Amino acid sequence: MQDQTILAAEHISHTYTGPSGDVHALNDVSLRLSRESFVCLVGPSGCGKSTLLRILAGLLRPLAGCVRLDSQVITRAQRRIGLVFQQANLMPWRTVSGNLSLPLELAQVPASEQDDRTRAMLELTGLHGFADAYPAELSGGMAQRVAIGRALIHDPEVLLLDEPFGSLDALTREQMSEELLHIWARHRKTVLMVTHSIPEAVLLADRVLVMSPRPGRLVDDVAIPLPRPRHLDTMHRPDFVALTEHLRRQIRAAR
Amino acid sequence: MDSNTYPAGQRHRSRPTTDTLPTLRLPPRIARWQWLLAPAFGLALLLIWEAVARSGLYAAFIVPSPGDVAHRWREIAADGSLVRHTAVTLREVLTGLLIGVAAAFWLGYLIAKSRVVAYMLMPYLIALQAVPIVAIAPLLIIWFGPGIASKVIICALLVFFPMLVNTVLGVRNIPPELRDLMASLEATPLQTFWHLELPAALPIVLGGLKVSATLSVIGAVVGEFVSASEGLGYLINFGRGTYDTPLVIAIVLTLTALALALYGLAAWLEHLLLVWQDAGQS
Ligand SMILES: Nc1ncnc2c1ncn2[C@@H]1O[C@H](COP(=O)(O)OP(=O)(O)OP(=O)(O)O)[C@@H](O)[C@H]1O
Ligand SMILES: [Mg+2]
């Protein structure tokens, strides 16, 4: 089990100090992500999910505890950990292919390889016709696909997603979940994804972690034994419905 | 004044290419002749000026006719003095603009990046902005002599502040999520500058450059007014002393054209660099 773990948080606590007082955001959170697993994190708004993700990404130093990537304690952001934010967070001055190739440019990958990988990513994200479009010309769903492509293009081992579909309408959201499943099935990354949607979490994840209201603690860890590959139709299975009901009860009990 | 002087309300998305006045949609019947409106109005003004000059109400050295001015302008153009003095002023303007803008950009960048620098310098920079440049121009001439150096410094001081303010705002307004993205990709400080900070701040920075470009001409002329033996400001002083009003007006118009040309150059640069801002607008 030990060597299966790629990313681990150990006894993380965090308090924000600000002009309007201190906010105790996280209280003694520990978790382990197994290699190539898909884990979802759910919890009430403001409980510290984004804070936990920023700490796991190495963008924020926790007041207590540490984060280990391959059992090495990390103190700053890592290229091996890819990020997708709630908003697409694209650079408006770069075209779609320019945004996709940014991680490769920063890593000084040779230009010909950049081109090849960017073209492949345009294909994978279904954006081939939009290589030269600017972000302002994209729909919300397309922009989010670029953001996911950008997080995948330099092949990070871990992917942290903070409500990546939060700003999308329900239909696009389902479609994007299914696309994410395809991508994950093909590329086999370790994924931790924050979501507000319980059905989305059950559809995607091997495990769903439940957080309590602030200060956030992990109060439950529910295994999702549904068979893969999963599709949108999986949501009609009775065991799917039972799992969502169970999670809903757990979240309610955590309040 | 250009609306970009105080870009506090200017958002990341706003288009600095937008001109000062909002463009109105004219009914199609008139829209065809739209391009004629401004020249027609200018012609009307010129005619009124000509009428006043010819009316005999004012002496010719007080209100010369447009024809007199044009004649005088052709004279100095023919004997080479226009080119010579314009070259002097242009050299002061461009040197001052370059130095002032470069200094303001780097200082603004440092201020935006470091609280220590910001708290240390901002009070003095604001005080410096409050100093009337015209009033300290004589001092600068005493210290740096009547040559080009004092004019360049006055010009640099004048263009400094709009550029500084815009750079600080531009760099500070960069979305923190994009900074997080760069950090997560292990970008070096230099990469962060080239791939994030510079392009993200550029729209607001170029807005500052447009304001600075027009101010730079004022700076050089102020310096030449106080003390100079050449340059367009000197020519104005000279014309005033000899009641050569056509010369004064001809030079004022030349200076205006110079300032407009510099503004146009900055606007063209903006258009060139910010193609992406036009995306998704229609
Ligand atoms: N930079 C910050 N400074 C001060 N307080 C903060 C900061 N970021 C977050 N907080 C506080 O920490 C708590 C947890 O915030 P966080 O963004 O992690 O919640 P969340 O679970 O992601 O919420 P949501 O589901 O609404 O996105 C909140 O109460 C928030 O007010
Ligand atoms: Mg959040």
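The structure presented is a predicted model; accordingly, all values stated were derived computationally and were not measured.

Caption draft 1: Layout of the pairing of strand β6 (residues 81-84) of chain A. Residues and elements named next belong to chain A. Side chains of β6 alternate between two faces, with Ile-81 and Leu-83 and Gly-82 and Val-84 buried alike. Where β6 lies against strand β7 (residues 158-162), four bridges are found, and the strand directions are parallel. The residue of β7 that forms the bridge with Gly-82 is Leu-159.

Caption draft 2: Structural context of the site of ligand 1. All names here are of chain A. Surveying the vicinity of ligand 1 reveals 13 residues, the closest of which are Ser-45, Lys-49, Ser-50, Thr-51 and Arg-214. Residue Ser-45 places a side-chain N or O atom 2.6 Å away from an oxygen atom belonging to ligand 1. At a separation of 2.7 Å, an oxygen atom of ligand 1 approaches a polar side-chain atom of Lys-49. Listing elements by their share of the shell around ligand 1, those giving two or more residues are β2 (21-34) and α1 (49-56). Broken down by element, the shell around ligand 1 gets its largest block of residues, three residues, from α1.

Caption draft 3: Representation of unusual backbone geometry in the model. Residues and elements named next belong to chain A. With omega at -10°, the peptide bond leading from Arg-214 into Pro-215 counts as cis. By secondary structure assignment, the location of Pro-215 is in the loop between β9 (207-211) and β10 (218-223). A cis amide bond, omega 0°, links Arg-228 with the succeeding residue Pro-229. Along the chain, Pro-229 turns up in the loop between β10 and α7 (238-254). Positive phi outside glycine occurs at Asp-70, with the angle close to 50°. With respect to the helices and strands, Asp-70 occurs in the loop between β4 (64-69) and β5 (72-73).

Caption draft 4: Up close: a nonpolar patch on the surface. A cluster of nonpolar side chains, contributed by Phe41(B), Leu45(B), Ile48(B), Val52(B), Leu57(B), Tyr58(B), Phe61(B), Ile62(B) and Tyr243(B), occupies part of the molecular surface with about 990 Å² of accessible area. You can see Phe61(B) is positioned in the loop between α2 (34-54) and α3 (66-78).

Caption draft 5: Structural view of the interface of chain B and chain A. Facing the 20 residues of chain B at the interface are 25 residues of chain A. Carbon and sulfur atoms supply 65% of the area that chain B and chain A bury against each other, a total of about 2100 Å² over both sides. Of all residues in chain B, the largest losses of buried area upon contact with chain A belong to Leu185(B), Glu186(B) and Trp276(B), amounting jointly to 29% of the total for that side. Summed over the shared surface of chain B and chain A, the number is one salt bridge. Arg54(A) is the partner of Asp180(B) in a salt bridge, and the nearest nitrogen-oxygen pair spans 2.4 Å. Applying the counting criterion to the chain B and chain A interface returns six residue pairs in polar contact (both at pLDDT 80 or more). Of all elements in the fold, only α8 (176-184) and α9 (189-226) of chain B reach the threshold of two or more residues within the side of chain B that touches chain A. Looking at the side of chain B that touches chain A element by element, the count peaks at seven residues for α8(B). The class makeup of the residues in the side of chain B that touches chain A is 11 nonpolar, five polar and four charged.

Reading guide: rules and limits
- Residues numbered from 1 in each chain as written.
- Chains lettered and ligands numbered in written order.
- Predicted model: local features only at pLDDT ≥ 70, side-chain atom pairs only at ≥ 80, totals over all residues.
- Heavy atoms only, no water.
- Buried < 20%, exposed > 50% of the residue type's maximum accessible area, 1.4 Å probe, protein only.
- Helix = DSSP H or I, 4+ residues; strand = E, 2+ residues; numbered from the N terminus.
- Pairing = 2+ DSSP bridges.
- Near = heavy atom within 4 Å.
- Polar contact = N/O pair within 3.5 Å; in protein donor to acceptor, adjacent residues only side chain to side chain.
- Patch = residues over 30% accessible without salt bridge, like charges linked within 9 Å, V, L, I, M, F, W, Y side chains within 5 Å.
- Areas by Shrake-Rupley, 256 points an atom, 1.4 Å probe, with all protein chains shown as cover.
- Salt bridge = Lys/Arg side-chain N within 4 Å of Asp/Glu carboxyl O.
- Contact = heavy atoms within 4.5 Å.
- Buried area = accessible area lost by both parts, 1.4 Å probe.
- Nonpolar A, V, L, I, M, F, W, Y, C, P; charged D, E, K, R; others polar.

That is the geometry; function is a separate question.
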